[in-house]
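One letter stands for each residue in the lines below.
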Amino acid sequence: MLSVHGRKPAAAVVEPVAQAFLKIGWTPNGVTVAGTLIASLICVVLIPMDQLVWAAVLSGLFTAFDMIDGTMARMRGGGTVYGATLDATCDRVTDGALFAAIIWWLIYTYEAPKALVCAALIVLVSSQVISYVKARAEAGGIKVVGGLVERPERLILGLAGIGLTGLGVPYAIDVALWILAVGSVATIVQRLLIAKKDPVGSRHIAAPAGATEHPKAPRNEGDNGPA
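As recorded by an unreviewed UniProt entry, the protein chain carries the name Phosphatidylinositol phosphate synthase and is attributed to Corynebacterium epidermidicanis. As its UniProt record puts it under Subunit (unreviewed entry), the protein chain is described as follows: "Homodimer."

Shown next as structure tokens:
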């Protein structure tokens, strides 16, 4: 939800930073990679060390680069297909690093019950699936916009959960992870329903390379098999 409605309020802060980065010669792709490496390193080092408040603050700062690089690309006249691919790939790396580090901390420091660890694993896997559903649908010509739990909600709840836990708020991470687990599964279903209801969703596709296509199967020129 926030990825759709939160961009305009954030623009007042993001655009001046993006302009400053461009003036000193930074590129959007460079900012993408740098933000990913630093944010991932912060997560996998500070969270297992139980430095939760610092992890939340610094991770939140550097994951904000995800908005800055896109703004930089638009200020330069528009992004590229490679830039969008790199950005999406780096987002998955950062998400994976964050929730993998949280799971490590849950097991070895928090001594979390098995059910909470399962909830965190659901969040880790579903965060990748949510993005894949969108990417695969749009590769087939279906526009998937919005969702209950997108990347901004996932990062805000995850970082708020560990940050508040670090400040001594009881069960903050528990509540955050259960909300994310339920909301993420709901978002996968929501996006699949969007794809199913789209008129393009009922279009037949060609058989993948090497498969035998049934002679009665309808064919559409230009369709591609499943990835």
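**Student:** Can you help me understand the pattern of salt bridges in this one?
**Tutor:** One side chain can pair with another of opposite charge once the charged atoms of both are near each other. Applying the stated criterion to the full structure yields seven salt bridges. Where Asp 95 meets Arg 92, a salt bridge forms, and the shortest distance between an N and an O atom there is 3.7 Å. Highlighted residues: Asp 95 and Arg 92, both in helix H6 (residues 81-108), separated by three residues, approximately one helical turn. We classify Asp 95 as buried; its relative accessible area is 0%. Here Glu 138 makes a salt bridge to Lys 143, at a shortest N to O gap of 4.0 Å. The exposure class of Glu 138 is partly exposed, given its relative accessible area of 31%. Take Lys 143: its relative accessible area is 57%, and that puts it in the exposed class.

**Student:** Help me understand the UniProt feature "active site" (unreviewed entry) in the protein chain, please; the structure alone is not making it clear to me.
**Tutor:** When the UniProt feature table is mapped to this numbering, "active site" (unreviewed entry) covers Asp 91. Relative to the elements of secondary structure, Asp 91 occurs in helix H6. Sequence-distant contacts of Asp 91, defined by excluding residues within four places in its chain, comprise Asp 66 and Arg 151.

**Student:** Is there a simple way to explain unusual backbone geometry in this structure?
**Tutor:** The phi angle of most residues is negative, glycine excepted, and most peptide bonds adopt the trans form. Here the phi dihedral of Asp 50 falls at roughly 70°; this positive angle occurs in a residue that is not glycine. Mapped onto the secondary structure, Asp 50 falls in the loop between helix H3 (28-46) and helix H4 (52-63). Note on Asp 50: relative accessible area 39%, which makes it partly exposed. Unusually for a residue other than glycine, Tyr 171 sits at a positive phi of about 65°. Mapped onto the elements, Tyr 171 comes out in the loop between helix H8 (151-166) and helix H9 (172-197).

**Student:** Explanation requested: the UniProt feature "binding site: Mg(2+) 1" (unreviewed entry) in the protein chain in the structure shown.
**Tutor:** Those places that UniProt annotates as "binding site: Mg(2+) 1" (unreviewed entry) correspond, in this numbering, to Asp 66, Asp 69 and Asp 87. For the annotated residues, spread through 22 residues, the largest C-alpha to C-alpha distance comes to 8.5 Å, consistent with a single compact locus. With respect to the helices and strands, Asp 66 occurs in helix H5 (residues 65-75). The class of Asp 66 is partly exposed, set by a relative accessible area of 26%.

**Student:** Just to check I follow, could you spell out a nonpolar patch on the surface for this structure?
**Tutor:** A cluster of nonpolar side chains, contributed by Leu 41, Val 44, Val 45 and Met 49, occupies part of the molecular surface with about 360 Å² of accessible area. If you trace the backbone, Met 49 turns up in the loop between H3 and H4.

**Student:** How do you make sense of the nonpolar core when you look at a structure like this?
**Tutor:** Side chains of a nonpolar character, in soluble globular proteins, are inclined to be buried together. Membership of the largest hydrophobic core comes to 37 residues, with the highest contact counts inside it found for Ile 47, Leu 98, Ile 102, Leu 106, Ile 162 and Leu 177. Every element with two or more residues in this core is listed here: helix H2 (7-23), H3, H4, H5, H6, helix H7 (114-139), H8 and H9. The greatest single-element share of this core, amounting to seven residues, is contributed by H6.

**Student:** When you look at H8 in this model, what are you seeing that I'm missing?
**Tutor:** Quick reminder: α-helices carry 3.6 residues per turn. Residues three or four places apart thus point the same way. Its 16 residues give H8 an end-to-end C-alpha distance of 22 Å, which sits within 8% of 22 Å, the value for a rise of 1.5 Å per residue. What H8 keeps buried is the set Arg 151, Glu 153, Arg 154, Leu 155, Gly 158, Leu 159, Gly 161, Ile 162, Gly 163 and Thr 165. Where H8 terminates, the next one or two residues include Gly 168, which has phi positive at roughly 100°.

**Student:** How should the packing of aromatic side chains be read in this particular structure?
**Tutor:** The geometry of two aromatic rings is summed up by the distance between their centres and the angle between their planes. Under the definition given, this model contains three aromatic pairs. Note on Trp 104 and Tyr 108: the rings are 4.7 Å apart at their centroids and 45° apart in plane angle, and the pair reads as tilted. With Trp 104 and Tyr 108 both in helix H6 and four residues apart, this pair spans about one turn of that helix. Here the aromatic rings of Trp 105 and Tyr 110 are separated by 4.8 Å at their centres, their planes lie at 20°, and the arrangement is stacked. A relative accessible area of 2% means that Trp 105 is categorised as buried. With a relative accessible area of 27%, Tyr 110 lands in the partly exposed category.

What counts and what doesn't
Residues numbered from 1 in each chain as written. Predicted model: local features only at pLDDT ≥ 70, side-chain atom pairs only at ≥ 80, totals over all residues. Heavy atoms only, no water. UniProt positions renumbered as here; feature names shortened; annotations may be inferred. Salt bridge = Lys/Arg side-chain N within 4 Å of Asp/Glu carboxyl O. Helix = DSSP H or I, 4+ residues; strand = E, 2+ residues; numbered from the N terminus. Buried < 20%, exposed > 50% of the residue type's maximum accessible area, 1.4 Å probe, protein only. Contact = heavy atoms within 4.5 Å. Patch = residues over 30% accessible without salt bridge, like charges linked within 9 Å, V, L, I, M, F, W, Y side chains within 5 Å. Areas by Shrake-Rupley, 256 points an atom, 1.4 Å probe, with all protein chains shown as cover. Core = buried A, V, L, I, M, F, W, Y, C linked by side-chain atoms within 4.5 Å. Expected span 1.5 Å × (residues − 1). Phe/Tyr/Trp six-rings, centres within 6.5 Å; stacked < 30°, edge-to-face > 60°.

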